[in-house]
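Structural overview
Each chain is listed here by its residues.
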Amino acid sequence: MKFKKVLFIFLIPIVAFAQKNSTDFEDYMQGQSSLYGFNGNVLIAKNGQIIYQKSFGYADFTTKKLLDKNTMFDIGSITKEFTAVGILSLIDQGKLSYADTLGKFFPQLPYTNITIRQLLTHTSGIPDGYELVEQYFDHEKVADNNDLINLLATYKPALYFTPGTDLQYSGTGFNLLASIIEKISGQSYSDFMNEHIFNPLGMSQTMVANFPRNEKILPNLAHGFMYEDSTKKYIPADSIFHDWATYFTGITGEGMIISTTGDLLKWDRALKDHPILSAARQAEMVSVQAVKKTFPKVQFGYGLRAGKNETGAYVFHNGWYPGFASMLIRYVNEDVTVIVLSNNLSHAEFLADGLATIALNKKIVMPYVHVEKNIKYLPLKYAGKYLLPLMRPPYMINFPVEIIVRNSKLFIHGPGISDIELIPETATQFFYGDGSDQQIIFTKDNAGNIQKVFYVGYGLKKEIIKNNTVF
């Protein structure tokens with residue numbers, strides 16, 4: 001995407017800024033698409049104005065229908081932001097308070113003392129209702145929120161911890177919040193979202209979309225796909241995650257909203273400019289309200305992540321649904337918004353980091369073709385335990401890994417992940433053998449000893465520190 005030259009003097013700095021970033025955005029995304037298989041839509045805005053927007057790949061890998069800017073994606077857990085705003089709007093109206101408890105709305109549940117605030121901040125300790133649906137619900141039917149509540153009331157699984165004493169990400173908590181919205185408003189969650197959020201904000205391409213999702217009604221809907229190693233093809237994600245395409249699909253509040261990059265920009269502006277909530281309530285939502293004190297240490301506002309990293313202060317949520325990955329992040333002080341929606345499980349959260357880095361005029365390593373070299377090196381010199389700066393939804397964390405040696409080759413080893421070979425490109429630079437855009441780079445002193453170690457992930461280069469206590 002290139003901008004035409006303009007003659008107006010006062011526009012030159014803005015256009016120059018846009019041209020520079022647009023070229024970098026294009027180079028970065030073309031590399032991520034051609035080399036690493038990104039399929040999806042991206043949008044970057046500065047002060048609410050779009051500076052880059054583009055589609056890459058297919059809305060449907062089977063029919064080869066192409067994506068465009070109007071394609072609707074399942075946004076997964078970004079839905080929690082909408083549920084939170086629904087609850088906060090009811091608090092603004094005096095119909096609800098943070099201190100109200102589940103016992104007030106669902107006396108049949110054994111978790112009577114859990115508060116609205118604890119549900120909003122993932123500090124409730126509520127157990128996973130989806131596990132009950134999986135185990136006890138008739139899979140020939142479609143479960144809804146009432147079914148989930150009935151299962152919790154019947155089987156009474158124990159809380160993970162005493163409410164308010166810890167933090168654990170909970171989709172079930174937001175299912176309960178959606179049901180509270182329905183109880184107070186007298187509307188379905190879908191009707192409430194349409195009347196009080198989507199329509200007022202002009203989000204005409206956003207809706208609560210339970211299954212079956214009728215393609216005749218939703219012709220612009222992207223289909224979720226996943227890569228199958230055995231066939232070397234993308235196959236429909238629904239064929240793998242049958243539960244999410246059938247009996248889970250009536251449950252709302254934590255997911256089941258579809259949207260476009262353009263509509264999510266409207267939503268981002270609403271989170272900044274508070275047209276729905278009072279200014280005070282909006283400020284509370286995007287401020288840190290709860291902190292997890294143990295690993296991984298994370299911070300939440302109401303229905304989203306809020307905090308600060310080396311790039312700046314941010315608010316964000318990412319999302320997952322079979323075949324879909326999504327990220328909506330805004331760097332607050334610079335007012336830079338990045339939206340990445342993928343329908344082949346591309347790493348939306350990593351790519352959003354890369355695009356934000358470009359937008360903020362910081363250094364980035366552009367994607368390039370890695371070539372294995374037959375180089376002699378001493379693998380044991382590179383071995384060690386490290387904290388790797390990775391994002392694993394819903395947490396941005398320093399992830400514990402170990403560089404190990406096996407059969408004279410280097411591998412990345414970590415809890416819960418398969419070992420990945422580190423393939424030499426030079427004697428000090430290695431790329432991941434799983435086809436992802438990740439590298440490990442070593443620097444040496446004059447004596448040949450390892451001096452520093454860097455991780456390059458999707459363009460972001462960060463020093464990683466040895467930590468022998470992480471395993």
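Just above, that's the structure.
Rules and cut-offs
Residues numbered from 1 in each chain as written. Predicted model: local features only at pLDDT ≥ 70, side-chain atom pairs only at ≥ 80, totals over all residues. Heavy atoms only, no water. Helix = DSSP H or I, 4+ residues; strand = E, 2+ residues; numbered from the N terminus. Rg over C-alpha atoms; globule rule 2.2 N^0.38 Å. Buried < 20%, exposed > 50% of the residue type's maximum accessible area, 1.4 Å probe, protein only. Contact = heavy atoms within 4.5 Å. Areas by Shrake-Rupley, 256 points an atom, 1.4 Å probe, with all protein chains shown as cover. Polar contact = N/O pair within 3.5 Å; in protein donor to acceptor, adjacent residues only side chain to side chain. Axes fitted to C-alpha atoms, helices over the stretch in contact; angles between N-to-C directions. Parallel < 35°, antiparallel > 145°, perpendicular 65-115°, else oblique. Left-handed = near helix turned anticlockwise from the far one by under 90°. Nonpolar A, V, L, I, M, F, W, Y, C, P; charged D, E, K, R; others polar. Expected span 1.5 Å × (residues − 1). Phe/Tyr/Trp six-rings, centres within 6.5 Å; stacked < 30°, edge-to-face > 60°. Pairing = 2+ DSSP bridges.

1. Quick word on the overall build of the chain
A count of helical and extended segments in the chain gives 12 helices and 23 strands. Since a compact globule built from 471 residues should have a radius of gyration of about 23 Å, the 23 Å found for the chain is in line with a globular shape. Principal axes of the C-alpha set define a box for the chain whose edges measure 70 × 60 × 45 Å. For the chain, the proportion of its 471 residues judged to be buried stands at 53%. Sequence separation of at least 24 residues holds for 62% of the intrachain contacts in the chain that already meet a minimum separation of 6. Total accessible area on the chain stands at roughly 20800 Å², and carbon and sulfur atoms take up 53% of it.

2. Side note on the side chain of Asn 145
Looking at where Asn 145 falls in the secondary structure, it is placed in helix 6 (residues 145-155). A polar side-chain atom of Asn 145 sits 2.8 Å from the main-chain amide nitrogen of Thr 252. Ignoring any residue separated from it by four or fewer positions in sequence, one finds Asn 145 in contact with Asn 175, Ala 178, Ser 179, Gly 250, Ile 251 and Thr 252.

3. Thoughts on the packing of helix 2 (residues 79-92) against helix 7 (residues 171-185)
As a packed pair, helix 2 and helix 7 sit with axes 10 Å apart at the nearest point and diverge in direction by 40°. When the axes of helix 2 and helix 7 are compared, the pair comes out oblique. Pair helix 2 / helix 7 crosses with left-handed handedness. Facing Lys 80, Thr 83, Ala 84, Gly 86, Ile 87 and Leu 90 of helix 2, the residues of helix 7 in contact are Gly 171, Phe 174, Leu 177, Ala 178, Ile 180, Ile 181 and Ile 184. Across the contact of helix 2 with helix 7, the residue classes break down as 9 nonpolar, 3 polar and 1 charged.

4. Some points on helix 6
Along helix 6, the positions that sit buried rather than exposed are Asn 145, Leu 148, Ile 149, Leu 151, Leu 152 and Ala 153. Residues of helix 6 that are buried sit in contact with helix 5 (129-136) and helix 7. Among the residues of helix 6, the N-terminal cap falls to Asp 144, whose side-chain oxygen and the backbone nitrogen of Asn 146 are separated by 3.1 Å. Count one or two residues on from helix 6 and you reach Lys 156, which has phi positive near 50°.

5. Considerations on unusual backbone geometry
With a phi angle near 65°, Lys 64 is a residue other than glycine that sits in the positive phi range. Its place among the elements puts Lys 64 in the loop between strand 3 (58-60) and strand 4 (65-66). Classification of Lys 64 as partly exposed rests on a relative accessible area of 45%. Unlike most non-glycine residues, Lys 232 shows phi in positive territory, near 60°. Mapped onto the secondary structure, Lys 232 falls in the loop between strand 7 (225-228) and strand 8 (233-236). The exposed category is assigned to Lys 232, whose relative accessible area is 58%.

6. Quick word on helix 12 (residues 348-359)
With 12 residues, helix 12 ought to run about 16 Å at 1.5 Å a step, and its terminal C-alpha atoms sit 16 Å apart, in line with that. Burial of helix 12 is extensive: 12 of the 12 residues sit out of reach of the surface. Turning to helix 12, its buried residues are Ala 348, Glu 349, Phe 350, Leu 351, Ala 352, Asp 353, Gly 354, Leu 355, Ala 356, Thr 357, Ile 358 and Ala 359. Looking one or two places after helix 12, you find Asn 361, whose phi comes out positive at around 60°.

7. Observations concerning the packing of aromatic side chains
Throughout the structure, instances matching the rule amount to 28 aromatic pairs. With 5.7 Å between their ring centres and 70° between their planes, Phe 82 and Phe 198 make a pair best called edge-to-face. Within this pair, whereas Phe 82 is found in helix 2, its partner Phe 198 is found in helix 8 (residues 189-198), the two being separated by 116 residues in sequence. Note on Phe 82: relative accessible area 0%, which makes it buried. Residue Phe 198 is classed as buried on the basis of its relative accessible area, which comes to 0%.

8. Comments concerning the environment of Gly 303
Tracing the backbone shows Gly 303 in the loop between strand 11 (299-300) and strand 12 (305-308). What makes Gly 303 buried here is its relative accessible area of 0%. Aside from chain neighbours lying at most four places away, what touches Gly 303 is Lys 80, Glu 81, Ala 84, Leu 120, Phe 174 and His 317.

9. What about the packing of helix 2 against helix 10 (residues 261-273)?
Contact geometry of helix 2 with helix 10 gives a least axis separation of 12 Å together with a crossing angle of 40°. When the axes of helix 2 and helix 10 are compared, the pair comes out oblique. Once helix 2 is placed against helix 10, the crossing between them reads as left-handed. Here Glu 81, Phe 82 and Val 85 of helix 2 come into contact with helix 10, specifically with Leu 264, Trp 267 and Leu 271. Looking at side-chain class alone, the contact of helix 2 with helix 10 contains 5 nonpolar, no polar and 1 charged residues.

10. Focus: the sheet that holds strand 6 (residues 207-208)
On the basis of which strands lie adjacent, the open sheet formed by 3 strands has the order 5-9-6 and antiparallel pairing. A strand with exactly one partner marks an edge of an open sheet, and here the two such strands are strand 5 (73-74) and strand 6.

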